[in-house]
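Chain and residue survey
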Amino acid sequence: MTLHYTMPNAREGVPELIKRLKLGQPYKVDGRMTYEARGAIVTIEDPIDSLPVDIGIRLDISSIVREYLDLINGSSLVGQRIRYQLDEIEKLIITRPDTRDALVVVPDPQYDRTMPERSATVQPLIGYHFIYRKPAIDLHVYLRESDVMAHFIGQLFVAGQLLATMVNAINAPEIGSVTFHIGSLYLLSADTSITDYIKEPKVPEKRDASLPTGIEGANWEEVVQRAQWLTELIDNGVTDDDRKRFTSSERWFVDTVSPA
């Protein structure tokens, strides 16, 4: 089964995406019955509106936000691999706005595949490709595989906020779309009982104005420092003086991960 789908936002798009996945015939993959789309291409036109809230799915938004922060601050495995690449990407886009080379690569084949003890580090994320065509920057995300319930829904937010953060770092006018290219996008048959409770929004409402738009910084290194600072506050406690220094997005991140 192939699947090419463009969603306006996650609230309206995720129910339809899952519905389309379930149109296929399930078959056994790795010992589990699975609905699978191979070579799936999924675009979200408004990547800021990337949390599928109020559709009957219980989201661990705190963990999703922490994954984004750890990506930016360089503390997660993927974050460690791409932090300095992103710094170079920011400089590349500024000096060559029309470049096709703003590509961030995650896998290290020699490290990941030839050392058996490292096999657990093989990631589904292959890379990020930023394309700046004024006035907007688009992001293409390449994934080896993605479980639509356990992984993909969270990646909508992470990728959207990564794009917004890059827009902030290079001072671009607009946030474009995010397109995912996925070798295997799948839904486990065991999870279909959960998806039966998914509902489409009764009225397509406008994006929540309080949703974050990435971490702000004059350059990528400053962005990383802000993300590290936010993570330290989340781990060690936030004071009233700290809160006075937050942007509205930073306040949302901290309150979502460690609500008062």
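So, how was this worked out
Residues numbered from 1 in each chain as written. Predicted model: local features only at pLDDT ≥ 70, side-chain atom pairs only at ≥ 80, totals over all residues. Heavy atoms only, no water. Salt bridge = Lys/Arg side-chain N within 4 Å of Asp/Glu carboxyl O. Helix = DSSP H or I, 4+ residues; strand = E, 2+ residues; numbered from the N terminus. Buried < 20%, exposed > 50% of the residue type's maximum accessible area, 1.4 Å probe, protein only. Contact = heavy atoms within 4.5 Å. Expected span 1.5 Å × (residues − 1). Bend = angle between axes of the 7 residues up to and from the residue. Polar contact = N/O pair within 3.5 Å; in protein donor to acceptor, adjacent residues only side chain to side chain. Core = buried A, V, L, I, M, F, W, Y, C linked by side-chain atoms within 4.5 Å.

Some remarks on the pattern of salt bridges
- Taken as a whole, this structure holds 15 salt bridges when the rule is applied.
- Between Glu16 and Lys19 there is a salt bridge, with its nearest N and O atoms 3.8 Å apart. In this pair, Glu16 and Lys19 both sit in helix α1 (residues 10–21), three residues apart, roughly one turn of the helix.
- In this structure, Asp255 engages Arg243 in a salt bridge whose closest nitrogen and oxygen atoms are separated by 2.8 Å. Residue Asp255 is found in helix α9 (residues 248–257), and its partner Arg243 is found in helix α8 (residues 240–244); the two are separated by 12 residues along the sequence.
- Residue classification places Asp255 among the partly exposed positions, given a relative accessible area of 30%.
- Linked by salt bridges that have partners in common, Glu16, Lys19 and Arg20 make up one network.

Considering the environment of Thr213
- In this fold, Thr213 is placed in the loop between α6 (192–195) and α7 (220–236).
- What Thr213 contacts, discounting residues up to four positions off in sequence, is Ile48, Gln161, Ala164, Asn168 and Ser249.

What about the environment of Leu163?
- Here Leu163 lies in helix α5 (residues 148–170).
- Take Leu163: its relative accessible area is 0%, and that puts it in the buried class.
- Separated by 25 residues in the primary sequence, Leu163 and Asp138 place their C-alpha atoms 7.5 Å from one another.
- Setting aside residues no more than four positions away along its own chain, Leu163 makes contact with Pro47, Phe130, Ile137, Asp138, Leu139, Ile175, Gly176, Ser177 and Val178.

Digging into α5
- Its 23 residues give α5 an end-to-end C-alpha distance of 31 Å, which sits within 8% of 33 Å, the value for a rise of 1.5 Å per residue.
- Of all bends in α5, the biggest is about 25°, found at Gln155.
- Among the residues of α5, the N-terminal cap falls to Asp147, whose side-chain oxygen and the backbone nitrogen of Met149 are separated by 3.0 Å.

Looking at the nonpolar core
- By size, the foremost hydrophobic cluster in this structure holds 77 residues, and its most contacted members are Tyr128 and Phe130.
- Ranked by residues supplied to this core, first place goes to α5 with 15 residues.
- Not counting residues within four places of it along the chain, the set of residues in contact with Tyr128 comprises Leu71, Ile82, Ala102, Leu103, Val104, Leu139, His140, Val141, Gln155, Val158 and Leu162.

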